[in-house]
Protein chains: 2
Amino acid sequence: MSTTTQQSLGQALRRRIDNKTKPLGALGQLEEIALRIGLLQGTTHPVVNRPHIVVFAGDHGVAATGLVNPYPQAVTAQMVLNFIREGAAINVFCRQNGLSLTVVDAGVNYDFTADQVGDRLVSKKVAFGTHNYLQRAAMSPSQALQAMDAGREVVTGLAAQGCNSIGFGEMGIGNTSSAALIMSFVMGIPVADCVGRGTGVNDEQLKQKQATLEQVYRLHRPAITSGPDTSTILQCVGGFEIAMLTGAYLEAAEQKMIILVDGFISTAALLLARLSNPAILDNCIFSHCSGENGHTKMLEWLGARPLLNLGMRLGEGTGAALAFPFVRAAVSFLEEMASFESAGVSKSDEA
Amino acid sequence: MSTTTQQSLGQALRRRIDNKTKPLGALGQLEEIALRIGLLQGTTHPVVNRPHIVVFAGDHGVAATGLVNPYPQAVTAQMVLNFIREGAAINVFCRQNGLSLTVVDAGVNYDFTADQVGDRLVSKKVAFGTHNYLQRAAMSPSQALQAMDAGREVVTGLAAQGCNSIGFGEMGIGNTSSAALIMSFVMGIPVADCVGRGTGVNDEQLKQKQATLEQVYRLHRPAITSGPDTSTILQCVGGFEIAMLTGAYLEAAEQKMIILVDGFISTAALLLARLSNPAILDNCIFSHCSGENGHTKMLEWLGARPLLNLGMRLGEGTGAALAFPFVRAAVSFLEEMASFESAGVSKSDEA
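Residues numbered from 1 in each chain as written. Chains lettered and ligands numbered in written order. Predicted model: local features only at pLDDT ≥ 70, side-chain atom pairs only at ≥ 80, totals over all residues. Heavy atoms only, no water.

Draft legend 1. Looking closely at the domain arrangement of chain A. Residue and element names in this part refer to chain A. Split by domain assignment, chain A resolves into domain 1 (3–47 + 333–343) and domain 2 (52–326). Inter-centroid distance (C-alpha atoms) of domain 1 to domain 2 is 33 Å. Taken together, the contact pairs nine residues of domain 1 with 13 residues of domain 2. Summing both sides of the interface, domain 1 and domain 2 together bury roughly 960 Å²; the carbon and sulfur share of this comes to 52%. Among the residues domain 1 hides against domain 2, the three largest losses belong to Gln29, Arg36 and Leu40. Together they make up 56% of the total. Summed over the shared surface of domain 1 and domain 2, the result is one salt bridge. Arg305 is paired through a salt bridge with Glu32; the nearest N and O atoms lie 3.5 Å apart. (Domains from an automatic or database assignment. Contact = heavy atoms within 4.5 Å. Buried area = accessible area lost by both parts, 1.4 Å probe. Salt bridge = Lys/Arg side-chain N within 4 Å of Asp/Glu carboxyl O.)

Laid out in structure tokens, this is it:
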């Protein structure tokens, strides 16, 4: 759409919003969301169709060392089975808010059987977990590419079914470490400023996590000399679920989808997607500010204003799922509220 | 319930929350809400039944002067008709979030006909608007009592139908002024610190609103010499919708309901209810921080941590309606999520 057309659409949307029976601006951020979704969809009557959450799961070689994570690596596979059996937080919140859920095996270190998962797990497994990035690159260039492509494929499939609103989540023991390293490389700030407690390390474990990640940073820094780039960072310190998230974001933007961004790890993947497509932020609604240290800094750096700040730090796409009703509310007030004229309500300047 | 029983119930709830398949505390404020609702209902299996929004509407004598409000007084009645015809923001958000809506005429300056409202407006009209408190008390002692009783009756009726979760809203041109005066008297701070733009006065109008309310404050201050008390403040500077809200809060607390507190005016009414029953805060979940100046101060004074901060300032109970999904989410995760044991997920200390 041309800039002029976008401008006149923006004005038409603003008029429509301002004519609803409420004081000017009284719906706050919901009004901004309605405006942005209208611009994204190129219409004054935007819609939310078949909203979806996709959770990518993958294992991290470093988790086997126990240096960065209080939970054993096996929990990634156990939680995937929990998703499949509808017992996790993301299942509860998707059910409650009328969202479909797709779970993707991006690279879990476990061989799921048909008995366990039937057709309810989408297998895009690149490998049984990444390499330990304390010793070498987490994945090969072709694995990074394969994972990003797989993420794109999942989104393409949902778009073909009519889905135009999507939130992404992740599961992977050790992946706050990967996210902290990505944050450090992309934002160009010390890794110590990016490390947090993840699923709940204590003070001593936090020191150890920090020291470990500084070591990883020093090992891989030379490979990223020519400035941060998506593929190189993924190869060095990524996870398969994070690489798929990155590809999924890029495809969702190309499909003009509304993207709900979840917490720390999901936002780290968005940092990588944004390196390839800076305009992707036009599609993004930031669902919440996670309790994980570093997320606030990421959001500020992106100029993002999250909808919620409930001290949550669970991942799985739970923040995105809980924020979805606000996307619906923005679209609904625009479509369903009466205007001053239709309701016969006086405006302030008719006093 | 005895203190010991409450303590052991609290421990049982905490255990139940901590055994869900998520890191300790990872659901942030949702965990606190689940705990509080469990304690309120006296069970480890709390439920949300027939959730309801009640909107009280009333007119203010001062509004006829045009000194404090950019919208004409007639808008109160026009908006009530908009509620009845399902065209307002609160209708949209109640529909979306599965909430029933009751609209109450507390004292609107308009004679609604059966043709217009059928049986969809609950009439508890005390009078056709309050007196102008620039000249005299807004209402008589018996009117304040009548209005509070009417608010209680509405809640008693809903409780009898099985409703255990309720949010209150209001509509009344000029009622941010009444709320600012209540705030000033209850919190003992200058009225200038309590006045805001309401539905959108400009800089000049704001100065005039402030000067007007300071005059009102000086006129009624002598009547409140012996310290703030609910009934006297309502008589001097209240509105019928605010008095009904006050009674409704008190009844909802006695019925052990979950109360969702909306914005500036609703919180002002809660300040009055709390004078009569300080324990009422145990029932209250603060839905959002309004964009209206003064609401942040009220919330801080109450030690309240609102769920949302979306820059909304519409009233009508819209903040409460939008926050309801979080009450549902708190109860749902507690009831529906698998435990570590049931899902076969390892805990961090089993690493």
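Moving on, there is more to tell.
Draft legend 2. The packing of helix H1 (residues 3–18) of chain A against helix H13 (residues 318–336) of chain A, seen in detail. Residues and elements named next belong to chain A. For the pair H1 and H13, interaxial distance at closest approach is 9 Å and the crossing angle is 75°. With respect to each other, H1 and H13 are oriented roughly perpendicular. Mapping the contact onto sequence places Leu13, Arg16 and Ile17 in H1 and Phe333, Leu334 and Glu335 in H13. When its residues are assigned to classes, the contact of H1 with H13 shows four nonpolar, no polar and two charged. (Axes fitted to C-alpha atoms, helices over the stretch in contact; angles between N-to-C directions. Helix = DSSP H or I, 4+ residues; strand = E, 2+ residues; numbered from the N terminus. Parallel < 35°, antiparallel > 145°, perpendicular 65-115°, else oblique. Nonpolar A, V, L, I, M, F, W, Y, C, P; charged D, E, K, R; others polar.)

Draft legend 3. Region of interest: unusual backbone geometry. Residues and elements named next belong to chain A. For Arg50, which is not glycine, the phi dihedral falls at a positive 40°. Following the sequence through the fold, Arg50 ends up in the loop between helix H2 (29–41) and strand E1 (52–58). The exposed category is assigned to Arg50, whose relative accessible area is 57%. Residues other than glycine seldom take positive phi values, yet Lys256 does so here, at roughly 55°. (Buried < 20%, exposed > 50% of the residue type's maximum accessible area, 1.4 Å probe, protein only.)

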